[in-house]
Structure formats: structure tokens, C-alpha cells
Amino acid sequence: MTLRFQMVGEAFKKKPLNVQATSERPCDYFGKKVFNNEKMYKYLPKKVYEQMIDVIDNGAQLDRTMADAVAAGMMQWAKENGVTHYTHWFQPLTGGTAEKHDSFIEHNHRPAQSDAYSSEASLNKGGMIEDFSGKLLVQQEPDASSFPSGGIRSTFEARGYSAWDPTSPVFIIDDTLVIPTVFISYSGEALDYKAPLLRALKAVSQAATDVCHYFDPAVKKVTSNLGWEQEYFLVDEGLYASRPDLLLTGRTLMGHDSAKNQQMDDHYFGAIPERVAAFMRELEITALELGIPTKTRHNEVAPNQFELAPIFEDTNLAVDHNMLLMSIMKRVARKHGFRVLLHEKPFAGINGSGKHNNWSLSTDTGVLLHAPGKTPEQNLRFAVFIVETLMGVWRHNGLLKASIMSATNAHRLGANEAPPAIISSFLGKQVNELLDYIESSPLLSSPKGEESLTGGDQAETNSSPLGEIRKGLLKLDIPEIPELLIDNTDRNRTSPFAFTGNRFEFRAVGSEANCASAMIVLNSAVAEALVSFKKRVDQRISEYSKLSEYSGGTGHTATFHAILNVLREDIRTCKPIRFDGNGYSDEWKAEAARRGLDVETSCPVIFERYLDPESIRMFESLGVMTHKELQARNEVKWETYTKKIQIEARVLGDLSINHIIPVATAYQCQLLRNVERMHGVFPIEKADKLSARNIKLIEEIAMRTASIDTLVEELVNARKVANKIEDEHRRAIAYHDTVAPYLDCIRRQIDKLELIVDDSLWPLPKYRELLFIR
């Protein structure tokens, strides 16, 4: 029996694991393994606790002198939970996470510490003690040369630093205290995703707060919110191990469509399979204990595809939680006999997996800035933040695409419900009408225009576009069913950046990606737009205050008209980014190019947008990243792209020569023996007639195996030529243009062979087995 059929048989025998039920409700064990505010209040001195809350909530400077007190409290809590090690946990440019575990033990022969917060009062006694100082909490020194740095660090320049991020709570995994950190080089450049993300969040908070002061001077802080939707596939572990391509690349490099895949639409929101439901239960319990507010679970569109989504959080914490979740998903899945596939397109011909990023801004006064309000002033504020978000997306649409682009996500974009590789924004009828009215109103240049736009004498009839924006009611002709509230926008499944009522959904982000990449660019782009908006409004206010028609007033009218006129300019400027139609159509692709949107599809070329002058200017002006850091990141992106395609090419070449051609040839030999024996039994004419089908298959197998052999040889030669190119940028482009195309050419030949070779001989699990055995 081949490995394939052995694994299929074992997969069918597997039963759901019994997930230990708990008498506690989810809200009782939520954050059980997190050093959150509740734990800080219990384990820290009152003064230190108050300082920590000020750091977390208000962005106050972290005082290193209180680090020993925090470390002592953390260690006490950790020891009570059986912890013996600690690690600085960071997000290097590999796209994953990194950690190095150290134990708490130390020799007990150091001079006694005079610090009152020392976690061990008695030293100099010999033997070993457990200790965890503030220094160890705040700073560690990983080897910076062993992580991707894009040339910032050489092999002999090994020093780098990880530094504690107190805004993301410490948590426990097994016996280890995990400390979220940033990761920087010896010379201060960011070597991770968290450091520039924190800078981008600071920039957008300050810029948005300044604009909010036009409407509410009490606003002190604006928070960027993120709610991600994690899509993924589950595959039986035995079947996964039987597919070297899945094992080494995360996707199937060959495999013909299953006769039944997703065309019946019966998997989406269907009953969750028992084994999968048991996996989901354990995953949710684990996630909730780690403070991840998991909310939704369901079947996705494709067979064996699923989704998990949490309640939205502060963007920095949400990013950390997503990185943590992807890690624990893999651990829990293996316990249940599954492997999680996070690749954006593990299977051809069916839906890929994304990670929709639901993003919004909110104030410390409780206002969601992307939500419509009930008064004209609130809706003017709403229009400002909608339009300035669009301004950021319009100015940097190519950069936003670069932030979500990868060798893996490139397979997904523009196929099977995924958004196209052109960034545009869907707003919906009601918001479009509001913006169109503001843009076309002839009254904006007159002080009297305020009365008209905000309703004036007609306010009671709510006829103004800036009046209350309400949800509609839908009545069904079924008396038992209550009236339904209808949202003020529909949903556009093909829009990469869609407004969904009170937030924007960035749907182009890939399932395997670190959300920080997209969030760095989006928050920076919006911050730049808001800074520009405020500068121009302030200039208009200054100009209007000198005019006679504004003299003697309170300044409110001048401010109002300054905002409206700048807003109208920006509505016109960013209009090309607004598109509510079908993003898959060829007409849209041509129209997008005419509008000036980035329509490039080559992944290595798209990465170039990071080094456009306007991108460098934006990041440097906001203090998010320097030109040197951007150049280094692009070097890493180009190198990563090359390596991924290189690995896929090598795996496909090996499988073609060592698996597929031998099996096809073996079946061809069976057919040849059959034809030979037919001629030994029947007269020539009858034997020829009876053997016609087999002879046709023999010829087809010979043609396709010869084609595969030739294509693999050409693939190897293309790799050799590309590998000689020293420049990472040019090498990545060469891999895209001259190596990657061979993958599809070889696949087409193999997939045709899969249809004709005897099923009992085919060595690799087929799509029907990978997708429908649960």
C-alpha cells in the first residue's frame, strides 16, 4: 500500500478529541495568563501601578528606575503559575516571531542588591537562586546579524537590542514568561515590524487629535483600532506529510481540481465538522486565556477552509494577538491531527485565504471617527475623517499595495472572490451622495453657506445631507419576523478597501501576513493626510479672519468654512480612488490606469513603491522610518521573494523527476504490456481497434513526460542565470519574469497526467482527499 492510501485510511479513522470542559465561563478565564491591569494592581506597589497605567494609557515616558519593581511583581505572578523561564518576543523581518528562552536561575554569589525592589532579598549564600531584574525585563541582546537586516547588519556586526513594549501585556506560554518587545540594531535602526508600527500609531494619534480639536477641544488622544479576520485551511496531518510541496512551500504546486469543490456553496456557514469543532473549542479557550478576545468562528467558502475573528482592539495589541494566534493555531492543530495552512493560496481553483483588516480611529472621549453622527457638526467631522482617509489611500495606493504584496499573496489577489491587485475604495450610495453634495455645493465660499449645509431653517425636516445619517428599516411580509435595520452601505466583495458603516475593511491583506506591514503604511498615510489638512485649514482660517464678513464673530464661521472648502478640494482630489463597481472586470483595470491608480502586478516591481520619493518623504516627515530603513526592508523583501520562488522551483523539479515521471512511466509500461498482449490474442486489425485508447494514452504520457522533463531542465537553467545576478532587486525581477512562469507550465502537464494515470499508482494525495477528509 502506498503512503497516500495508508494516510487516507488513517485519516478516516480519526475521531474528535475530547476537549476538557471547564465550569468557568469565558469571561472568568479571559486573560488568565496575561499580566494585565488586574494583575498589575495586585502585584505592583500602588505608585508603580499608577506609573504603568500612565505609560500604557497616556504614552508617558517609561522610567527605567521602576523596572525592578515591575519585574519583581511579574516574577512573583509568574512563579505562582509554574513559570521557570522568560523570553523577549519580537517580530523580525522574517514575517514571523522570534524568541530565546532564559531561565530565572542565577548563581547566588553576587553582591547583595541595595534596590528595595530586588526580587531576592538574600544573596551570597552559595548555590542557585531565581532572579529577574528590571534590566532583564527592559532590554536583551539577540544576535542581530542572524536575522534579515537588508544590509544594516553584517555577519561580524552581531549586536542588536530587544526592548520591552509596556503597552502590550506580558503573557505566559507553558513554562515561559513572554515579553513583547521591539527589535533594533546597535545603531538604532528598526529590524522588526513593531518599532515602526508604534511610531506610525503615534503619528496618526497626534495628527487626528489636532484635527479633532476643530470639533472637540477636550480630545486628548486618538487610538487606531484593528479587528482582523483570520482565514485558514485545515488538512489532516498524515495527508499533509504525504505532500512534500505542502510540507516545504505551504501550497500545492500540483493537483487537478476535485470534481466537487466549492461550486455548490454548501460549505460556507455550514455545520462545522466534529474534529474541526473540537480544534476550534480548544483554540478559543487557549486564546481567551491569553487575552485574545475571540468572537466568531465559521466555515469559509472553500472546503476545509475556516475563519476566526476577534473583537477589535488597539492596533498594536491586535497585531501582537494575531501573531500569537497564528502560532498557537499550529500547536493546537497538531494535537487534533491537523495542520494549519496559512498560505494565501494553498489550492488552485478555489478561494484563497485573506486576513481582512477592519480599521478605524476613535477618541479617548468615546467617539468613533469613521462613524456617522446625529448632528451636522458630527457628520462634518465624519466627512473629514472619511475624506482624509481616502486622501491617504489615493496618494499612496501603490505603497498600500506594496504593504500587502508577497510571493504568496500574489497568487490570491484577483482570483476567486479575493480583491484585485488595484487599490480602490467602496463607500456606498449614502456616503457617496454626502461627498458629492459637499463637492458640488455653490455656497461654500459664502459665510451664509454654513446655514444651508447644516440644515438652517430646514433642520427640523432633516433634509440636509449633514443631518442625521440613519439606518433604514426593511419590512418583510412575514408577521412573525421583526423589522430589519438596513445599514447605510452595501458590501462590495471586490473592493480592496471598503467602507462598511463605521470602519474601513482592508481586504487585500494576506492570511499569512503580519498585519503590521499594512497598518504601518495605512496609519502613516492617513496621518500625513490629516497633517496636510490641518495645515491648509489653519491657513484658510487665518485668511478668512481678515475678511470683513467674518469680523466681529466668534471664529466658528471662519473655521467652518475653512474646513468645508479644504474638504471640497480633497473630495475632488481623491475622487479617482472611489469605485463601487466590479473590481474583476477588464473595463475597471483599464479605467484604473486612466485614473492614475497603480496597476502593476509584478511583485518585485510593486515593492519599489517603498522607495518612491513621496513614500520616503512621508515616512521620514512622520518619524516612522528613515530612507536607510526603507532601503533595507526592500532588500529583505526582494531576497525573500527570490528565496520563496527558488524553493518552489526546486521542490517542483524534484517532485517532477522523482515522483511524477516514474509513476507515469510505470503506468505507460502497463499499457504497453496490455497492447502487446492484445496483439498476441487478437488479429492485427481487431487488436489495433481494441488497443486504440491505450495507444492514445501511451502517446499522451510520452508527450507530457517529455514536456515535463524539458520544462524542468529549462527551469533549472533559468534559475542558474538568475542566481548569477548579484543585485537583489534585479535578481527578484528575474525570478518573477523568467523562473516563476515555469511553475504553471510544469503544473499544467502534471495535472493532465493525474487525470489519466491509474489512481492506485498516483503517489500524492489528491485534492478530493485533502479538501474533503476532516
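The structure presented is a predicted model; accordingly, all values stated were derived computationally and were not measured.

Conventions used here
- Residues numbered from 1 in each chain as written.
- Predicted model: local features only at pLDDT ≥ 70, side-chain atom pairs only at ≥ 80, totals over all residues.
- Heavy atoms only, no water.
- Helix = DSSP H or I, 4+ residues; strand = E, 2+ residues; numbered from the N terminus.
- Buried < 20%, exposed > 50% of the residue type's maximum accessible area, 1.4 Å probe, protein only.
- Contact = heavy atoms within 4.5 Å.
- Areas by Shrake-Rupley, 256 points an atom, 1.4 Å probe, with all protein chains shown as cover.
- Pairing = 2+ DSSP bridges.
- pLDDT = per-residue confidence, 0-100.
- Expected span 1.5 Å × (residues − 1).
- Polar contact = N/O pair within 3.5 Å; in protein donor to acceptor, adjacent residues only side chain to side chain.
- Core = buried A, V, L, I, M, F, W, Y, C linked by side-chain atoms within 4.5 Å.

The next point concerns the overall build of the chain. Within the chain one finds 25 helices and 19 strands. Across the 774 residues of the chain, 55% fall into the buried class. For the chain, restricting intrachain contacts to residue pairs at least 6 apart in sequence, the fraction spanning at least 24 positions comes to 74%. Approximately 34100 Å² of the chain is accessible, and the part contributed by carbon and sulfur atoms is 52%.

A few words on the pairing of strand 10 (residues 294–299). Judged from the 5 bridges that link them, strand 10 and strand 11 (residues 305–310) form a sheet pairing that is antiparallel. Of the residues in strand 11, the one forming a bridge with Thr 294 is Pro 310. What sits between the antiparallel neighbours strand 10 and strand 11 is a turn of 5 residues, in which Asn 304 has the positive phi angle 65°.

Any segment with low pLDDT has predicted coordinates that should not be analysed in fine detail. For the chain, mean pLDDT is 90; residues scoring 70 or higher make up 89% of the total. Within the model, the stretch residues 444–462 combines pLDDT values under 50 with 37 contacts to residues more than four positions away or in other chains.

Spanning 21 residues, helix 11 (residues 315–335) covers 30 Å between terminal C-alpha atoms, matching the ideal 30 Å at 1.5 Å per step. Where burial is concerned, most of helix 11 is hidden: 16 out of the 21 residues are buried. The N-terminus of helix 11 is capped by Asp 314, whose side-chain oxygen sits 3.1 Å from the backbone nitrogen of Asn 316. Count one or two residues on from helix 11 and you reach Gly 337, which has phi positive near 75°.

Phi is positive for Asp 174, which is not a glycine, with a value near 55°. With respect to the secondary-structure elements, Asp 174 resides in the loop between strand 7 (171–173) and strand 8 (176–185). Here Asp 174 falls in the exposed class, since its relative accessible area comes to 54%.

Moving on, we come to the nonpolar core. Core analysis: the largest hydrophobic core is formed by 163 residues, its most contacted members being Tyr 232, Phe 279 and Phe 619. Membership of the second largest hydrophobic core comes to 30 residues, among which are Leu 44, Ala 78, Val 83 and Leu 137.

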